[in-house]
Amino acid sequence: MKKRQGFIFYILPFFVDIAFGILLICIPLLAIKIGANSLELGGLGFIITLFYIFFCVLFGKLSDRYKSSHFLWISCLICFFLSFAFLLSHQLYQLFLFMGILGIASAMFWPSIEVLIAKEGGKLLIKRTSKFNASWCLGSAIGFLAGGPLFQINTRLPFYFSGLIFLILVFFIFISIKEINHFSLQETSSKIDFLIPSGKSSSSYLYTAWLANFTLWFSISIVRYLFPKLSTNLGFSPSVLGILFSCISLAQTITFYALGKLSFWYYQKSILIFTQMVAIIALIITFLTSNVLTFIGAFALLGISVGITHSASLFYTLNTPENRGIRAGIHEGILGLGGLFGPLTGGILATQSTLRAPYLLAIIVIGASIAAQVFFKFKKKKL
């Protein structure tokens, strides 16, 4: 039973993010085809994330009180209808409307399933979050890789594929509903070793990880929503764009899986600071290059970086015996804030300056985060 339940909680995010990956690469391409500029592309990222942030906290709190399984199938059902709604969109305001609803559906799914996998703490939680992160991220890589060629063949084809995946998942959740509900009723023991360093507050680590995760999702959201415009100007095909985006997700997947096997990063702030420095290098390369192979290397580094900060943020968030739902909602909301302000500010900057200017903005944001973390780290030592 437990083995089957574990399979359910890894297979669901895998297929959900295949469908999401297809949508997230094809919606900006569809918007460009309609005539969207950089600011409007950033606005699409802004609107989906705005609704995601607000409803993540709400559904995270509800997941502590009610059966999370209901949110899972409702989310997939909404996404099924949205996949076909995008096909009817011929004006930008329609894309903005449907992106907002997509943000709500996403907020239903992710905090709810994170609460379900977090029934233990310590090393077992690390293994579960590692597999969970690797599953959704691998799905995302496949979605990005498939979305580009599908869009190139026929602009309607990727939306049919994503809709079909979401419909199958609705039935899959219904078939597995008893196992999911049985698992959700199990209580988390307060006697579990949560691996928190002796004599140290876990809160400071949590806040540091949240800040680092914010800056990395700020940066990666700029890439996801604004790079399609730059890639189009550079003459890259949708298939090449899909390969580039899949490199980010594949690097994240490998990082997520590796961190589940390693222990050196537990409650280490210096790891997070170094990771953000690597992300700055990746963004500098992205700013300077026009070569596909160099972009692949830069995006892989960015994927590794966000893989580390996301793993730390999710583990520190769930590594507690209580209030996991609301904390999961906050975790998702904070990375959502990065996704909110990244495309918006980056889109404004790209419109007023150049298509490469947003990557300089991302570098500045990460640099400010590192400076703040170093300052508070040494200030705390001094005190």
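Residues numbered from 1 in each chain as written. Predicted model: local features only at pLDDT ≥ 70, side-chain atom pairs only at ≥ 80, totals over all residues. Heavy atoms only, no water.

J.: So what exactly am I meant to see when it comes to the overall build of the protein here?
T.: In terms of helices and strands, the protein carries 13 helices and 0 strands. Ordered by position in the sequence, the α and β elements of the protein form the string α-α-α-α-α-α-α-α-α-α-α-α-α. For the protein, the residues scored as buried account for 59% of the 383 residues in total. Here the contacts in the protein between residues at least 6 apart in sequence split such that 87% fall between residues at least 24 apart. Carbon and sulfur atoms form 70% of the exposed surface of the protein, whose accessible area is close to 15,600 Å². (Helix = DSSP H or I, 4+ residues; strand = E, 2+ residues; numbered from the N terminus. Buried < 20%, exposed > 50% of the residue type's maximum accessible area, 1.4 Å probe, protein only. Contact = heavy atoms within 4.5 Å. Areas by Shrake-Rupley, 256 points an atom, 1.4 Å probe, with all protein chains shown as cover.)

J.: Just checking my understanding: could you explain the packing of aromatic side chains for this structure?
T.: Each aromatic ring pair is described using two quantities: the centre-to-centre distance and the angle formed by the ring planes. What the rule picks out here adds up to 26 aromatic pairs. Ring geometry for F54 against F55: centres 5.1 Å apart, planes inclined by 85 degrees, an arrangement best described as edge-to-face. Judged by its relative accessible area of 18%, F55 is buried. On the numbers, 5.5 Å between centres and 75 degrees between planes, the contact of F144 with F245 is edge-to-face. Taken together, the residues span a long stretch of sequence, with F144 in helix 5 (residues 122–153) and F245 in helix 9 (residues 238–259) at a distance of 101 residues. The exposure class of F245 is buried, given its relative accessible area of 1%. (Phe/Tyr/Trp six-rings, centres within 6.5 Å; stacked < 30°, edge-to-face > 60°.)

J.: Explain the nonpolar core here, please?
T.: Across soluble globular proteins, nonpolar side chains have a tendency to be buried as a group. Counting 118 residues, the largest nonpolar core has F86, M99, L102, W110, F166, F227 and F299 as the members making the most contacts within it. Ranked by residues supplied to this core, first place goes to helix 1 (residues 2–34) with 19 residues. Apart from the residues within four sequence positions on either side, F227 is in contact with I222, F236, L241, L244, F245, F295, F299 and Y359. (Core = buried A, V, L, I, M, F, W, Y, C linked by side-chain atoms within 4.5 Å.)

J.: Which parts of the structure should I look at to understand the side chain of N133?
T.: Here N133 lies in helix 5. Assessed through its relative accessible area of 1%, N133 is described here as buried. Ignoring anything within four residues of it in the chain, the contact list for N133 reads F256, H310, S311 and L314.

J.: How do you make sense of a nonpolar patch on the surface when you look at a structure like this?
T.: Together, L138, I142 and L250 give the surface a local cluster of nonpolar side chains, amounting to about 210 Å² of exposed area. As for its position among the elements, L250 is in helix 9. Relative accessible area serves as the criterion here: at 37%, L250 is assigned to the partly exposed category. (Patch = residues over 30% accessible without salt bridge, like charges linked within 9 Å, V, L, I, M, F, W, Y side chains within 5 Å. Salt bridge = Lys/Arg side-chain N within 4 Å of Asp/Glu carboxyl O.)

J.: Would you take a moment to explain the packing of helix 9 against helix 11 (residues 292–318) for this structure?
T.: The angle between the axes and the distance between the axes are what describe a pair of packed helices. Their axes nearest at 7 Å, the elements helix 9 and helix 11 cross at an angle of 35 degrees. Like other packed secondary-structure pairs, helix 9 and helix 11 cross with a definite hand, here right-handed. Seen from helix 9, the contacting residues are V240, L244, F245, C247, I248, A251, Q252, T255, F256 and L259; seen from helix 11, they are V292, F295, I296, F299, A300, G303, I304, V306, G307, I308, H310 and S311. Of the residues belonging to the contact of helix 9 with helix 11, the class tally is 16 nonpolar, 6 polar and no charged. (Axes fitted to C-alpha atoms, helices over the stretch in contact; angles between N-to-C directions. Left-handed = near helix turned anticlockwise from the far one by under 90°. Nonpolar A, V, L, I, M, F, W, Y, C, P; charged D, E, K, R; others polar.)

J.: Just checking my understanding: could you explain the packing of helix 10 (residues 269–288) against helix 11 for this structure?
T.: At a closest axis distance of 8 Å, the pairing of helix 10 and helix 11 adopts a crossing angle of 155 degrees. With respect to helix 11, the element helix 10 is oriented roughly antiparallel. When the axes of helix 10 and helix 11 are compared, the crossing they make is left-handed. Along the contact surface, helix 10 presents I271, L272, T275, V278, A279, A282, L283, I285 and T286, while helix 11 presents T294, F295, A298, F299, L301, L302, S305, I308, T309 and A312. (Parallel < 35°, antiparallel > 145°, perpendicular 65-115°, else oblique.)

J.: What exactly am I supposed to notice about the side chain of T309 here?
T.: Inspection of the secondary structure puts T309 in helix 11. Taking the relative accessible area as the measure of exposure, T309 reaches 0% and is therefore buried. In this structure the side chain of T309 is engaged in a polar contact, spanning 3.3 Å, whose partner is the backbone oxygen of V306. Setting aside residues no more than four positions away along its own chain, T309 makes contact with A209, A212, N213, L216, L272 and T275. (Polar contact = N/O pair within 3.5 Å; in protein donor to acceptor, adjacent residues only side chain to side chain.)

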